[in-house]
Structure formats: C-alpha cells, structure tokens
Amino acid sequence: MAEATDSFYQSILDQINEYESSVEAVEVGYVEEVGDGIARVSGLDNVSFSELVRFSNGVVGMAFNLERDNVGVIVMGEFADLKEGDEVRPLGRIASIPVGTGLVGRVVDALGSPLDGKGPVKFDEYYNVERIAPGVMERESVNRPVQTGIMAIDAMIPIGRGQRELIIGDRQTGKTAIAIDAILNQKGQDVYCIYVAIGKRKGEIARIQALLEEYGAMDYTTIVVASASDPAALNYIAPYSGCAIGEWFMENGKDALVVYDDLSKHAWAYRQVSLLMRRPPGREAYPGDVFYLHSRLLERAAQLSEARGGGSLTALPIIETLLGDVSAFVPTNVISITDGQIYLESDLFYSGQRPALNVGISVSRVGGAAQTKAMKAVAGGMRLELAQFRSLAAFAQFGSDLDKSTQSQLDRGLRLTELLKQNQYSPVSLADQVAVMFAATNDYLDDVEVDRVQDWQSGFYRFFATQYAELRDKLQNEKALTDEIKAGLKKAIEDFKANWS
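Bear in mind the structure is a predicted one, so any value in this text is a computation, not a measurement. (Residues numbered from 1 in each chain as written. Predicted model: local features only at pLDDT ≥ 70, side-chain atom pairs only at ≥ 80, totals over all residues. Heavy atoms only, no water.)

A full pass over the atoms with the stated rule returns 27 salt bridges. Note that Arg-131 and Glu-247 form a salt bridge whose closest N and O atoms lie 3.4 Å from each other. Of this pair, Arg-131 sits in the loop between strand E9 (125-128) and helix H2 (151-156) while Glu-247 sits in helix H5 (residues 232-251), placing them 116 residues apart in sequence. With a closest N to O distance of 3.8 Å, Arg-412 and Asp-446 form a salt bridge. You can see Arg-412 sitting in helix H12 (residues 404-419) and its partner Asp-446 sitting in the loop between helix H13 (430-441) and helix H14 (453-467), a full 34 residues away along the chain. (Salt bridge = Lys/Arg side-chain N within 4 Å of Asp/Glu carboxyl O. Helix = DSSP H or I, 4+ residues; strand = E, 2+ residues; numbered from the N terminus.)

This is the structure:
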C-alpha cells in the first residue's frame, strides 16, 4: 500500500517537473458596430488588408477598410446574430481558396466550401483570391482558338486561348446561353472550365448545373456560386475566386476558360459594400476605383510563354446593358479592358435571329490570329458581306426597283443570315462549320429557297457525317483547307444537292 502511494506521488512529481508553460499571444478584437453585412472592429492593430477574420459565432469576414482606430470588415455569411462586443480573431491568412484538379466537377461557394453535398473538396494548395497578373515578358500573343461551336462567333468574332472577350447585351438576349454553349463545346478539347455565377437566383444556378451534367460538361467544369441571396461580400469576391481556380490550371501548363456571369452585379455588390464602408462615391454612386475592380480581374487572363509552361486562361465576362446603352459607366469600362466584345441586340433576338449577334458592333481584337487556316479561308469575307447586307436591307425598304447585283447581294445576305441561326445547346464542330460556309461562299446555296436553308443545312450535316465521314475527320484534324479537301467538299456538296429535294 505504501509503495503504491509513493509511486503515485512520484508520478505526480515527475509531471510537475516536466511541465513547461507555453504562452501564446493572440490578437483579439471586438465588434464596435454591425449591420447590413459589415462590421467595424477595434483592437486588430496588426491585421492586413484582405486578411480573413472569424467572429465568435464562427462566421468569417474579410478586412476591407484599414482605418486609424478601427477595421472595416465585410461579413461573408449570416450577420443577423452578430452584436456589439462580440470577439473577433484574425485567421492569419489572406483571403484564399483551395485549388487543384479536385475542384473539377464540384459546386463551391466563393471561399471554396462545397455546396453540392459530395463531401469535402480535395485540393492541391491554396491560392490567394487576389493575385498579380502575369507581366508582359511572361506572356505570348494569342494564337490558338477556343472553338465555341457557335458558327457566327467562330467565323466572324473568333476567341483565342488567353483572350478576354466580353459578352454584352440587354437582359434575356442569350448572353448566358452563348457562354454555356462555349463550355459544352470544350468536351474533349482539354480545356478546364469555371462558371462563376454572380447574383443569380439559386433556381437558375441549379438549372445550369443540371444542364451541364446532362451534356457531360461537369466532367471538366467547376461552378463557383454567389447567389442573389448571399451577402454582397461573397458576390464581390466570387469572380476573383473563380479566376484563382483557373490560374492554377494555367500555371500548371493547362488551358482554362472562366465565365463571369455577370460583372454588372459584381459592380453593384462592390458599390454596396463600398458605400456601407463610407468610401467616397463617384459617378452613378460607384467608388472611384470601380475601373480597377474589373481591370485587375480581367488582366489575369493570359496566354503564358513557353518558359512559363505555355498554359492559358481565357475570360468571358458578361455585362448586362439597359435598353442597349453600351455607353453607360460599367459597360464602357469593361469594353476598354477586354480584347473585343460580342454584342447581342434585343431587336435581332425578337426577330428570330439567334444568336442575336450584331456584326457591326461586335469585334475581336485578336482576329484571324485565333482562327484555324480552314476557318480563315472560308470566313474571310463573310463579316463584310453581312455588314453590307444589313445596310442594304435598311436602304431597300424605301424602294422596290433594285438592280440585279443589289438584289443578288440581298439574296446572299438572307441566306447567310439563315445559315448562322443556331439552336441553343447544339454546338457545331469545326468540320461542319467549314463545310457549310464553303458551300455558302461558293454559290452552292443560291438556288436554295431562303426558308429552306436550315433544312438544307441540317440535312447536309447528317449526309456529311455518314457518307463522307473520312473527309470530315480529315478536315477536323488537319484544320486546313488543302486542295484535296476542297475537291472533296465540292464533291460532297454536289452529291448531296443531287439527291436533296
């Protein structure tokens, strides 16, 4: 009994002797004021800009305003139960998001937390959501195409890997449809896609997710969600998070495509948090740095040089206009940052021209550098022909007596317009696009009635895929219009026309 007591005392004595006190200094702040998704916090003297902090109820915030006696924090979660005096602790890291191949096929929020019920996200590392864009010497000129599968775009407004091409138009004119079509067409193209939904309804986001799953596009796509019901802080940070996910692929020698849908709501969210933080308002109540808001995001899209791995990040920002006003503040800002714009017009949309592409205003500043040789050969004069047709059609309304050349130009324009009409979610392969445009530009459609052009087109696609599968594969792989392929195309079109009625 005595021995047991001695050993017990000895063990306690040993523990006392081995005990080392560890003192850890933790900076703690306290909420002074809270409301409308922002909090003013005192006591965080060493916090950095964009550093994450955690409130006592577990909600995360981000240091947004660093003032002399307090820190303005934007709250990235439910702020209704935050109150004065709550404890706030810095997390010691700048706002960052998990990146890597584990995010492919997942739906996450702006901080990388999963929203799809498939368990934790597997990731390779963390990337800061705000990162410096690659410098000029680290880039190469854009020289490889991103095939959208939309004939009007691939022919006349080509998008290259590493480009920033704006999609702009009024609401309900098909802006999101073009971006989704571009994602669907990347199947088998070795391009990773990121779709960033900013300020959209949750039902609409769920519909887009279901659509991508139906077409097998979620196998190479990540969806970043900041819905209309989420705090403005998450809407503000979401596009930067999506860009960081895409940058990981770019910096690992891969190609990525990121869609920001849409940056108008992103600017609204930034205006909201800025006004709540008492930042001085400027034009249309936007803060003075609203241009920098989008330029620092879109400049991160690039085609990296071979020394940097040769990866690329292509950006498709979407901007919503009001009554076609492209000269408003945010649209003009983003137009000046991007390498071209796809302008969708309400009048064209309601007249049945879909995609409702205005060829006159739409432009790609990369141009033919982002086109394959085959597409460049057949689509060279198409844009000019369509622009001339639009002006001629407006002029022809005022008189019925037209000379033969004008009438033939109008007829050609009507057929080209019909040819470029395309159903939603039905991207067309490069070989099919080149074949029908070859037919149109070589007068093979001149004797086809205008209202039957689309029937002719769909019939030819089927005929070309079955009867001339070898030629179609050769055109798809070589991406050039050699004399042999030209002769084959002429024969295919003539064979089809001989049997088509």
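There is more to say after this.
Ile-183, Leu-212, Ile-342 and Leu-489 are the most contacted members of the largest nonpolar core, which has 80 residues in total. Ranked by residue count, the leading element in this core is H13, at nine residues. By size, the runner-up hydrophobic cluster in this structure holds 64 residues, among which are Ile-168, Met-250, Val-273 and Ile-337. (Core = buried A, V, L, I, M, F, W, Y, C linked by side-chain atoms within 4.5 Å. Buried < 20%, exposed > 50% of the residue type's maximum accessible area, 1.4 Å probe, protein only.)

Here we come to helix H7 (residues 290-298). Across the nine residues that make up H7, a large majority, seven, are buried. Turning to H7, its buried residues number three or more, namely Val-290, Leu-293, His-294, Ser-295, Arg-296, Leu-297 and Leu-298. Among the structural elements, H5, strand E13 (255-261), helix H6 (263-276), strand E15 (312-321) and helix H8 (329-337) are those in contact with the buried residues of H7. (Contact = heavy atoms within 4.5 Å.)

Attention now moves to empty space enclosed by the protein. Under the definition given, this model contains two cavities of 30 Å³ or more. Put simply, the largest cavity is a space of about 60 Å³. Surrounding the largest cavity, Ala-152, Met-156, Gln-353, Pro-355, Leu-357, Val-359, Leu-386, Arg-390, Thr-417 and Leu-420 form its lining. Taken together, the elements giving at least two residues each to the lining of the largest cavity come down to H2 and helix H11 (382-396). In the lining of the largest cavity, the residues fall into seven nonpolar, two polar and one charged. Contributing to the lining of the second largest cavity are Pro-145, Val-146, Gln-147, Asp-154, Pro-158, Ile-159, Ala-370, Gln-371, Thr-372 and Met-375. (1 Å grid on protein atoms, 1.4 Å probe; cavity = no way out; pocket = protein on both sides within 12 Å on 5 of 7 lines; lining within 4 Å. Points joined across faces, edges and corners; volume = space filled by probe spheres on them. Nonpolar A, V, L, I, M, F, W, Y, C, P; charged D, E, K, R; others polar.)

Its volume calculated, the largest pocket comes out at about 810 Å³. Along the wall of the largest pocket there are 36 residues; nearest its centre are Gln-172, Gly-174, Lys-175, Thr-176 and Ala-177. Top element by residues in the lining of the largest pocket is helix H3 (residues 175-184). It accounts for six residues. In terms of lining, the second largest pocket is formed by 15 residues, of which the most central are Trp-268, Glu-320, Thr-321, Leu-322 and Ala-328. Listed by contribution, the elements that provide at least two residues to the lining of the second largest pocket are H6, E15 and H8. Per-element tally for the lining of the second largest pocket: the top contributor is H8, with three residues. Here the residues of the lining of the second largest pocket sort into eight nonpolar, two polar and five charged.

Following both chains from N to C, one finds H14 and helix H16 (residues 483-499) inclined at 120°, their axes separated by 10 Å at the closest point. When the interaxial angle is binned, H14 and H16 end up oblique. Of the two elements, H14 crosses H16, and the hand of that crossing is right-handed. When H14 is examined against H16, the residues Trp-456, Gly-459, Phe-460, Phe-463 and Phe-464 are found in contact with a partner set consisting of Leu-489, Ala-492, Ile-493, Asp-495, Phe-496 and Lys-497. Class assignment for the residues of the contact of H14 with H16 results in eight nonpolar, one polar and two charged. (Axes fitted to C-alpha atoms, helices over the stretch in contact; angles between N-to-C directions. Parallel < 35°, antiparallel > 145°, perpendicular 65-115°, else oblique. Left-handed = near helix turned anticlockwise from the far one by under 90°.)

Bringing the pairing of E15 into the picture now. Most of E15 sits inside the fold, with nine of its 10 residues counted as buried. As defined by bridge partners, strand E10 (residues 166-170) adjoins E15 across four bridges and the pair is classed as parallel. Considered in E15, the bridge of Asp-170 is made with Thr-321. As judged from the six bridges shared by E13 and E15, these two strands associate in the parallel manner. In the strand pairing of E15, Val-258 is matched with Ala-315. As judged from the two bridges shared by strand E14 (residues 302-303) and E15, these two strands associate in the antiparallel manner. Bridged to Gln-303 within E15 is Ser-312. (Pairing = 2+ DSSP bridges.)

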